[in-house]
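Spelled out from the first residue to the last, the chains are:
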Amino acid sequence: MQSEIILRMEGISKSFPGVKALQNVDFVLRKGEIHALMGENGAGKSTLIKVLTGVYEKDAGQIILDGRNVVCRSPQEALSMGIGTVFQEIALCPNLTVAENMFIGRSQNSFVRWKEMNAKAAQLLDSLGIPASPTQELSSCSIAVQQMVSIARAIDMDCKILILDEPTSSLDEDEVKKLFALMRELKARGVGIIFITHFLDQVYEISDTITVLRNGELIGEYQTAALSQIELISKMMGKALSDVSEMKKQEPQTSSDSVPVFEATGLSSAAGVRPFDFRIEKGEVNGFAGLLGSGRSESVRAIFAADKVTSGEVKINGKKVKLKTPLDAMKNGIGYLPEDRKHEGIVGELSVRDNIILALQVMKGFFRPLSRKQAEEFANEYIEKLGIKTPSINTPIDSLSGGNQQKVVLARWLLTHPMYLILDEPTRGIDVGTKVEIQKLVLRLAEDGVSLTFISSEIDEMIRVCSRLIVMKDREIVGELSGMNVTEQDAMHMIAQGGKGHV
Ligand code: ADP
Ligand code: MG
């Protein structure tokens, strides 16, 4: 028996300049259902939620709530219709008490009856099993408890629908357990819950139903119990399980030298990767494979000290070093091309020349600027080497195509002659020709003895370039694949099942 449908979204479309974030998407939520909304980064999950809660106006489609066609113009209006949302970033007031946060903005007059409010809060917290006292300041509670308080607020407002957009990203195991207990309690009360998370195991633990989005399109709705993890992953990634082509592999580029160029033990960071061990040999190309959000970027950011490193020991060429900042990493011969070219990579208003010399200049220190002549020579050299198409070295990088911008950022790192270069999604969003050029460049650098870590969302590309794949799932390394015959399917199986102890 299917239970009563409380929400129906039909034919939802939403575009942003240049992006169709949602195309004709249907979504249904039932009473007492925990419904996981799944899809890789950028699939459209948050946009669907924001259309539902009136943050964005939809371009097309309708929203039917309890059988009635509704239009929400703001999250407040959504809340008044019984749709509560808890975002990862808490939107409450940290300096007010727990009880004040639960009832803020709702007293009919300015006269607040503290005693009554605190008693009511205590009762609600207690009935939901939330470990907080009404009178303690919200900021003194853990993130998990703060999230629960905002859930309690939504419940008190009689929400029939609760949306949790990645609530568990910063929670530890215990806190996740408590949150899940609360979710089960709400489910028993008939609340329909939309749950978004990157953690696949959590989806299987808590959800009844899964809806998969990919590139803004609905792929389908499934019963969680009837969909295997590997099927889910193949739907999220858009790869048919059978459609696995054999890839011509490159020769592994490992050297006979047994001292790794870079080695880390028990490395972890404030961004939330589990402590991991990692090593790379001279001339080796390895890669972190996994779904978007599995912790690939966080791992390499920990290696480069781009996020605050919270534990671990690092050795470079066998010598113990402390890398506290990216500059430390750079001075030790490590380069890092970040995933987010637009925000972390290019400096839009600066010229191609200044973008190319940036990393070298940072290493030298800004009090010892490169001469104009040197800068121009370097820029010209790399424009030539990488075939960067630009009208001149003085052109603002903003006006180049994505592929050429990416080459400029690559040039920036090559100019520092790194011993170890980390490339996070260097080929995303660029034309096929440039993609292949970058892949070839990676292999050429490896031949010259540079060690590289290559991350791509396209597994086939990783298999082509890397001689070793480190497989991540839920922010943990779950296995490793190396050798000439690794297939896309091997990688996907490992992403789905994990392979703990296999490393
Ligand atoms: P998800 O939550 O599944 O990771 P989003 O819904 O955030 O995905 O994004 C879907 C697509 O819409 C992405 O390509 C994203 O870049 C784009 N997008 C989302 N919000 C905006 C916005 N406010 N302006 C422009 N593009 C956006
Ligand atoms: Mg999102």
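Our subject is the structure that appears above.
Right, let's walk through the structure included here. Treat the numbers as computed from the prediction; the structure is a model and nothing was measured.

### Topic: the overall build of the chain
Working step 1: When its secondary structure is counted, the chain shows 17 helices and 20 strands.
Working step 2: In terms of overall dimensions, the chain is globule-like: its C-alpha atoms have a radius of gyration of 25 Å, near the 23 Å expected for 503 residues.
Working step 3: Counting only C-alpha atoms and orienting by the principal axes, one finds that the chain spans roughly 70 × 55 × 45 Å.
Working step 4: Here the chain holds 503 residues, and the buried ones make up 54% of them.

### Thoughts on helix 12 (residues 352-364)
The periodicity of an α-helix, 3.6 residues per turn, causes residues three or four places apart in sequence to face the same way.
Working step 1: With 13 residues, helix 12 should reach 18 Å at 1.5 Å per residue; the first-to-last C-alpha distance of 19 Å fits that figure.
Working step 2: Most pronounced at L358, the bend in helix 12 amounts to some 50 degrees.
Working step 3: Residues of helix 12 that are buried: V352, R353, N355, I356, I357, A359, L360 and Q361.
Working step 4: On the buried face of helix 12, the contacting elements are helix 10 (326-331), helix 13 (372-386) and helix 14 (402-414).
Working step 5: In the segment just after helix 12, G365 is the residue with positive phi, at about 95 degrees.

### Overview of the sheet that holds strand 11 (residues 262-269)
Working step 1: Strand order in this open sheet of four strands is 12-11-14-15, and the pairing throughout is antiparallel. Bordering the open sheet on either side are strand 12 (276-280) and strand 15 (319-321), each of which pairs with just one other strand. When the angles between neighbouring strand axes are averaged without regard to direction, this sheet yields 20 degrees.
Working step 2: Taken together, the four bridges between strand 11 and strand 12 define a ladder with antiparallel strand orientation. Opposite A264, over in strand 12, you have F278 as the bridge partner.

### Overview of the site of ligand 1
Working step 1: All residues adjacent to ligand 1 are F16, V19, A21, E40, N41, G42, A43, G44, K45, S46, T47 and Y56.
Working step 2: Between G44 and ligand 1, the recorded distance is 2.9 Å, taken from a backbone N or O atom to an oxygen atom.
Working step 3: Measuring from an oxygen atom of ligand 1, one finds a backbone N or O atom of S46 at 2.9 Å.
Working step 4: Within the complex, the protein chains bury 63% of what would otherwise be the 560 Å² of accessible surface of ligand 1.
Working step 5: Counting residues per element, the ones that place at least two in the shell around ligand 1 are strand 2 (19-30) and helix 1 (45-52).
Working step 6: In terms of residue count, helix 1 provides more of the shell around ligand 1 than any other element does, three residues in total.

Calculation notes
- Residues numbered from 1 in each chain as written.
- Chains lettered and ligands numbered in written order.
- Predicted model: local features only at pLDDT ≥ 70, side-chain atom pairs only at ≥ 80, totals over all residues.
- Heavy atoms only, no water.
- Helix = DSSP H or I, 4+ residues; strand = E, 2+ residues; numbered from the N terminus.
- Rg over C-alpha atoms; globule rule 2.2 N^0.38 Å.
- Buried < 20%, exposed > 50% of the residue type's maximum accessible area, 1.4 Å probe, protein only.
- Expected span 1.5 Å × (residues − 1).
- Bend = angle between axes of the 7 residues up to and from the residue.
- Contact = heavy atoms within 4.5 Å.
- Pairing = 2+ DSSP bridges.
- Axes fitted to C-alpha atoms, helices over the stretch in contact; angles between N-to-C directions.
- Near = heavy atom within 4 Å.
- Polar contact = N/O pair within 3.5 Å; in protein donor to acceptor, adjacent residues only side chain to side chain.
- Areas by Shrake-Rupley, 256 points an atom, 1.4 Å probe, with all protein chains shown as cover.

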